[in-house]
Amino acid sequence: MAEHPLSLLLLIPILLVGVLLPCGDSKFIAYNTSHGVVPGKLNVHLVPHSHDDVGWLKTIDQYYVGSNNSIQGACVQNVLDSLVPALLSNPDRKFIFVEQAFFQRWWRDQSEIIKGLVRKFISSGNGGMCMHDEATSHYIDMIDQTTLGHRFIKNEFNVTPRVGWQIDPFGHSSVQAYLLGAEVGFDSIFFGRIDYQDREKRKDEKSLEVIWQGSRTFGSSSQIFAGAFPENYEPPPGGFYYEVNDVNNNSPVVQDDMELFDYNVPERVNAFVDAAIAQANITRTNHVMWTMGTDFKYQYANSWFQQMDKLIHYVNLDGRVNALYSTPSIYTDAKHAASKSWPLKTDDYFPYADRINAYWTGYFTSRPGLKGYVRIMSGYYLAARQLEFFKGRNESGPTTDFLADALAIVQHHDAVTGTEKQHVADDYAKRLSIGYKEAEKVVAASISCIAGSDCGSPVTKFEQCPLLNISYCPPSEIDLSHGKNLVVVVYNSLGWKREDVVRIPVLSENVFVRDSHGKEIESQILPLANASVVIRNYYVTAYLGKIPTVTPKYWLAFSATVPPLGFSTYIISKANRKASTSMQTLLKATGSATDTIVVGPGHLKLIYSENGGKLIGYINTRSSINASMEHSYKYYTGNDGSADTIVIPQASGAYVFRPNGTYLIKSEEQGAFTVLRGPILHEVHQRINSWISQITRVYKGKEHAEVEFTIGPIPIDDGQGKEVVAEITTAMKSNKTFYTDSSGRDFIERIRDYRKDWHLEVNQPVAGNYYPLNLGIYMKDEMTELSVLVDRAVGGSSIVDGQLELMLHRRLVHDDSRGVAEALNEMVCAFDNCTGLTVRGKFYLRVDPLGEGAKWRRSFGQEIYSPFLLAFTEQDGKEWRSSHVSTFSGMDPSYSLPHNVAIITLQELEEGKVLLRLAHLYEVGEDKELSVMASVELKKLFPKKKISSAEEMSLSANQGRAEMEKKRLVWKAEGSPEGANNNNKAARGRTVDPAKLVVELGPMEIRTFLINFI
């Protein structure tokens, strides 16, 4: 197709004269809206849409039914109700609707007549349950929520979406791009938010639309056409906004009745042409997209479509440009048909700033309690589906579906991000809790069935401990006298054998532990700190509405060894003697700077100075690492924007991180720290100040340090918001370079004060260098690597060479003017008292020789995501092993998955098929031993079942993989004249032989299968 000479349009202004109404007595006008793409003209693709947040200022249900309108007048039910007659009245009209969480609510309430009508105009779309976030959502959660929506669309409409519509997330992940491209089969993705400096440069260079190759491993085979809008996702400037009764609507309607005043057809057509040409001059090819809609619009859909009908009719009569109803799919096909080469994009779109001093990097950490809850529930959901499969799905319930729905909704870009109002955050947490309670029943019934063949109405009742992180576990806090035993079933959702330390609160130190074979194993007793008891009692009361009836005094720790996809059973009994008690040492400042304390029962030794109790060294005797290291806390005060006089005032808030000074937090009790030593682990307890404490753990069989922090309530009585950071300092020469994960999967190189795609004007040297972490962050020099892994989404950076920092908690006193109209000031109430939120979490650190850190980051990162699942029951008298299965593996007992492959989905679907996803964990070249082709034997993965078929599917399991590959468009990237796929393709596993049933996976490959069993 020849490119339209857009430059000529600027030189030949044409005024539309008022002769467009046909003469005659009838005033009825049959508007012609049937135009498609016209070669040789500038084609303006009008894409009607309503961006409907599944929770933000109101809860998802309030948004759907239109309640609580004092906050925001929005009713998604009205949007969908009004769309049906509007679309039926004109078959040329089109509309894009994304959020399946709303659509499925609406669909359930429709008559068969309405459903039959709607089925006729469903053709394509984004299709996820929500428009998920791309910074704080883990890639497994992204996959799960997209699959939930895509399978519904496939089942109801036999449609496979092929375009991503991520118009509102606050920055964009490269992993999201290639997962939705190479793995789901999308041809394009469109979004509204990129950095303001990046946007201006791309406008000048006509590079808003690119070929995005988001994977270093897959390179050109990971391509997707990606388009950033010129100005967010609203109609273009010039008055093309048509929501009725909107007080902010100043757009003139198209008044085409010449017998009435204010006839304005010529003016509106000229405005349309001017806006079209302006956009064409920053866009390649003769196609531009207009996003006709914004948040919660089309409450009365005809108000938009009536005006667009007129615009299309009169603009096309004018003839200078061609206007048409369109969709992102039609637009994508038109761009592809132009056979042009496009700029190449290989990294991501983080961090995002919408103007000077306004980096949206605060939400990487906002609401850390909710972020932690989401991550815990995500790992639990993965394990619960596995157990549901082993027992067999019960269609009458309970099922894991409630938790699936809650987790899908909370991936929304104003949910897990922490950028919603407080009552909405509470609603998300409530949904997760309800989903957990239902899944908890599935887990308990499944374990009871597997362990005791008690699969009907379970006699053995297993309990679990969702509040174990605050030392609350009623099933383990029982009196073990009179022959009673505590049975602990430890489930491992990983595909390889795993050994890890289990810690549970107990009432007595006179206990011992036996393993699955009845053999007594080593255990260790640690005291439960008084501060933990206070937090436990307060938060149990706040969350459960009851005060704990007993208070445990100790933690019991023991090492559990568990087979892949299986469980081991441990029996805890009363002893006539004390278990191995941790030796406790309370240390005070000695005044000598040379005295040190060595902590660690295994290869790893942490060195502390007795003078101040500071960490000063890290030694690994196995790898010969001997590094200086310090760990400290600091906080940034939140800027209130009051000093901004030349630019728009900008405060630090839920979205935006804008510091106004940095303050090191010094210990209020200099040098006071407690060391606990035992055969399994050592602990260092430190009270940093009245609102920060931490416990550092070093385990005998591990070569990393675990830091458990407790932060809060952050004081704000001085009127200053605070953003609390943990800082790890070394002598490494990192040369401004560090690496952060992308959505928990690939790692991306970051260089301080630098952007690959444009020359960065640095106006926020801290906030502008923050990046989202879901897995972790690392840096390296010529000799070593320092890696820090996290247990939830947080923000992180390296602001100084040799130093890494994590933002762990935020409490602010100002709103950042992005719509929430509420300061990020989380409160928790109990005992007629409300205090700021206290957050407890963990991060993990390790130093390795250069090139050896990936093995720990990948394997242990998977263990963080999928911790042991613990289930408890009591046993009276008789031997557990005589009546129950004490150890179980769903796999062949002689088999284990390779350590570079994880099972990220094992789920029985409603129709009896089984959904299996296998993910290679390593990038190409990341590890010399594990960045290689791996294989999984399905026959050994399912030894007790006979596989009749294993069909490979797209990532969202809504179409066959081979079919998907055939349909995908091939794009040309600049510098790649023969097409974007002309490079050497990354190694991928071969087609599965139906007789051998061996699945091969190349580095970073994810393969999805629908399996049928005989």
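Since we're looking at a predicted model, the values are computed, not measured.

A. Geometry of the side chain of asparagine 689. Here asparagine 689 shows up in strand 25 (residues 681-689). At 2.9 Å, the side chain of asparagine 689 and the backbone nitrogen of tryptophan 691 are in polar contact. Polar side-chain contacts of asparagine 689 include one of 2.7 Å to the backbone nitrogen of isoleucine 692.

B. Structural view of the packing of aromatic side chains. The tally for this structure, following the rule as stated, stands at 58 aromatic pairs. Relative to tryptophan 107, the ring of phenylalanine 103 lies with its centre 5.7 Å away and its plane at 20°, an arrangement referred to as stacked. With a gap of four residues between them, phenylalanine 103 and tryptophan 107 both fall in helix 4 (residues 100-108), about one helical turn apart. Across this residue pair, the class does not change: phenylalanine 103 and tryptophan 107 are buried.

C. How the structure looks around the pattern of salt bridges. Summed over the entire model, instances satisfying the criterion amount to 69 salt bridges. Glutamate 727 is the partner of lysine 634 in a salt bridge, and the nearest nitrogen-oxygen pair spans 2.6 Å. With lysine 634 in strand 22 (residues 625-638) and glutamate 727 in strand 28 (residues 722-730), the pair connects residues that are 93 residues apart, well separated along the chain. Given the relative accessible area of 9%, lysine 634 is considered buried.

D. Local environment of unusual backbone geometry. The amide bond that connects glycine 397 to the next residue, proline 398, takes the cis arrangement and shows omega of -5°. Residue position: proline 398 is located in the loop between helix 12 (368-391) and helix 13 (401-410). Although it is not a glycine, alanine 957 adopts a positive phi angle of roughly 60°. The residue alanine 957 is located in the loop between strand 44 (947-953) and helix 18 (961-967) in this model. Here alanine 957 falls in the buried class, since its relative accessible area comes to 3%.

E. How the structure looks around the sheet that holds strand 1 (residues 43-48). Reading across the sheet, the three strands line up as 7-1-8 and stay open at both edges, with parallel pairing between neighbours. The open sheet has two edge strands, strand 7 (287-292) and strand 8 (322-325), and neither has a second partner. Taken over all neighbouring pairs, the strand axes of this sheet differ in orientation by 25° on average, direction set aside. When strand 1 meets strand 7, the two strands line up parallel, connected through six bridges.

F. Quick look at the state of the cysteines. One pass over the structure, following the stated rule, counts three disulfides. Between the sulfur of cysteine 449 and that of cysteine 455 lies a disulfide, 1.8 Å long from S to S. Note on the cysteine 449 and cysteine 455 pair: the S-S dihedral is about 75°, so by sign convention the disulfide is right-handed. The exposure class assigned to cysteine 449 is buried, which follows from its relative accessible area of 9%. Looking at cysteine 455, the relative accessible area reads 35%, which means it is partly exposed. At a sulfur-sulfur separation of 1.9 Å, the disulfide partner of cysteine 829 is cysteine 834. On the sign convention where negative means left-handed, the S-S torsion of about 105° between cysteine 829 and cysteine 834 marks this disulfide as right-handed. Residue class for cysteine 834 comes out partly exposed when judged on its relative accessible area of 41%. Sequential numbering of the bridged cysteines in the protein gives the disulfide pattern 1-2, 3-4, 5-6. Its sulfur unpaired, cysteine 130 is 20 Å from the next cysteine sulfur, which belongs to cysteine 75. With relative accessibility at 1%, the residue cysteine 130 sits in the buried group.

About the criteria used
- Residues numbered from 1 in each chain as written.
- Predicted model: local features only at pLDDT ≥ 70, side-chain atom pairs only at ≥ 80, totals over all residues.
- Heavy atoms only, no water.
- Helix = DSSP H or I, 4+ residues; strand = E, 2+ residues; numbered from the N terminus.
- Polar contact = N/O pair within 3.5 Å; in protein donor to acceptor, adjacent residues only side chain to side chain.
- Phe/Tyr/Trp six-rings, centres within 6.5 Å; stacked < 30°, edge-to-face > 60°.
- Buried < 20%, exposed > 50% of the residue type's maximum accessible area, 1.4 Å probe, protein only.
- Salt bridge = Lys/Arg side-chain N within 4 Å of Asp/Glu carboxyl O.
- Pairing = 2+ DSSP bridges.
- Axes fitted to C-alpha atoms, helices over the stretch in contact; angles between N-to-C directions.
- Disulfide = S-S within 2.5 Å.

Everything listed here is a matter of geometry and, on its own, says nothing about what the molecule does.
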